[in-house]
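Below are the chains, spelled out letter by letter.
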Amino acid sequence: MNRTEQPAPATPVHACFTLRFSSTPRGARLARRLCAERLHAWGVPYGGEGHDVLTLLVSELATNAVTHGHVSGRDFRVHLLAFTVPGSGALTVRAEVTDTRGDRLPEPASAQGAGGDGTGGRGLLLVDALADRWGWGPRPEGPGKTVWAEYTVRIGPPSAPVA
C-alpha cells in the first residue's frame, strides 16, 4: 500500500499552481482540465503515461471533494507542486485537494469492509494503485481536510521529430 501520512520530500519546488473551484461536478471537471494544461506547461506532455496518471489523480481527488467533501456555499482548492531533484531527470508532482468537510475522512473501498454502503471509496483505490504516495491531513486554515497524492515522472528535453 502506498498510503502515508508524511509530507512531501524536502526538495526544491520547481513550480506550483493553486486555484479554488466551485464544489460542483463542473468545478471538478474544470480542475482536471486546468491541471492537465499546467502539467503540459511544466514538461509533462499530453498523452504521456505520467500526464495521464497525474490527471487521473487530480480528477479522482477533485471528484471526491465534490462528492464527499461538499459543504453548501464552500469551494474546494487544488494545489499542485512540482519538485525536482537536480540532475535526476525526474519531476515529482504533488496534487493536494482541500475541502471544508472534516467529518468524512478518506478511506478506500477495500478498507470499508463488507458492511459498507458501496457508494464511495472506489476512486481512492485508483489513487492508492497509481500514486507513489498518498495521504490526508486536517485543513491547516480551518475546518476540513486536505487529501494529497504524489507521482514521479521522468522528464527530459523534447525528442527530435522523426523524418
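No experiment lies behind these values; they were computed from the predicted model shown.

(A) Structural view of helix α1 (residues 25–41). Relative to the 24 Å expected for 17 residues at 1.5 Å per residue, α1 spans 25 Å between its end C-alpha atoms, a close match to the ideal helical length. What α1 keeps buried is the set Gly27, Ala28, Ala31, Cys35, Ala36 and Leu39. Those residues of α1 hidden inside the fold are in contact with β1 (13–21), α2 (49–68), β2 (76–84) and β3 (90–99). Within two residues after α1, Gly43 carries a phi angle of roughly 100 degrees, on the positive side.

(B) Representation of the pairing of β3. Of all 10 residues in β3, 10 are buried; the element is thus mostly enclosed. Burial along β3 is two-sided: Ala90, Thr92, Arg94, Glu96 and Thr98 facing one way and Leu91, Val93, Ala95, Val97 and Asp99 facing the other are all buried. Pairing geometry for β2 and β3, over eight bridges, is antiparallel. Pairing of Arg77 across the sheet is with Thr98, part of β3. The turn joining β2 and β3, which pair antiparallel and follow one another in sequence, is formed by five residues; a positive phi near 80 degrees is taken by Gly87.

(C) Region of interest: the nonpolar core. Counting residues in each nonpolar core, the largest one holds 33 residues, and the members touching the most others are Leu54, Leu57, Leu61, Phe76, Leu80 and Val127. Contributing elements (two or more residues each) for this core: β1, α1, α2, β2, β3, α3 (122–130) and β5 (145–154). Take this core: its biggest share by element is eight residues, from α2. Not counting residues within four places of it along the chain, the set of residues in contact with Leu57 comprises Val127, Leu130, Ala131, Ala149 and Tyr151.

(D) Focus on the confidence of the model for the protein chain. On average, residues of the protein chain score 84 in pLDDT, and 80% of them are at 70 or above. Averaged pLDDT values over the elements of the protein chain bottom out at 90 in β1 and peak at 97 in α1. Low pLDDT (under 50) marks residues 159–163, which in the prediction has zero contacts with non-local residues, meaning those over four places away or in another chain.

(E) Highlighting the packing of α1 against α2. For the pair α1 and α2, the least separation of the axes is 9 Å and the interaxial angle reads 155 degrees. By the criterion of interaxial angle, the relationship of α1 to α2 is roughly antiparallel. In this structure, the crossing between α1 and α2 has a hand that is right-handed. The residues of α2 that touch α1, namely those facing Pro25, Ala28, Ala31, Arg32, Cys35, Ala36, Leu39 and His40, are His51, Leu54, Thr55, Val58, Ser59, Ala62, Thr63 and Val66. A per-class count over the contact of α1 with α2 returns 10 nonpolar, five polar and one charged.

The rules behind these values
What you see as residue numbers is a count from 1 along each chain, following the sequence as written. Thresholds applied to this predicted model are a pLDDT of at least 70 for local features of residues and 80 or more for the giving and counting of side-chain atom pairs; totals over whole chains, interfaces and linings are not thresholded and use all residues. As a convention, hydrogens and water are excluded, and side-chain values are obtained from all of the structure's heavy atoms. Per the convention used, a helix needs a DSSP run of H or I reaching at least four residues, while a strand needs a run of E reaching at least two, with both numbered from the N terminus. Residue count minus one, scaled by 1.5 Å, sets the expected span of a helix. Under the scheme applied here, a residue whose accessible area is under 20% of the maximum for its type counts as buried, over 50% as exposed, and between as partly exposed, the area being computed with a 1.4 Å probe on protein chains only. Residues are treated as being in contact if the distance between any of their heavy atoms lies within 4.5 Å. By the convention used here, strands pair only if DSSP detects at least 2 bridges between them. Residues enter a nonpolar core if they are buried and are Ala, Val, Leu, Ile, Met, Phe, Trp, Tyr or Cys, with the set joined through side-chain atoms within 4.5 Å. By definition, pLDDT measures how confident the predictor is in each residue, and it falls between 0 and 100. Axis definition: a line fitted to C-alpha atoms, limited for helices to the stretch in contact. Angles are taken between N-to-C directions and run from 0 to 180 degrees. Roughly parallel means an angle under 35 degrees; roughly antiparallel, over 145; roughly perpendicular, 65 to 115; everything else is oblique. The sense of a crossing depends on the near helix, which, turned anticlockwise from the far helix by less than a right angle, makes the crossing left-handed and, turned clockwise, makes it right-handed. Note on residue categories: nonpolar means Ala, Val, Leu, Ile, Met, Phe, Trp, Tyr, Cys or Pro, charged means Asp, Glu, Lys or Arg, and polar means any other residue, Gly included.

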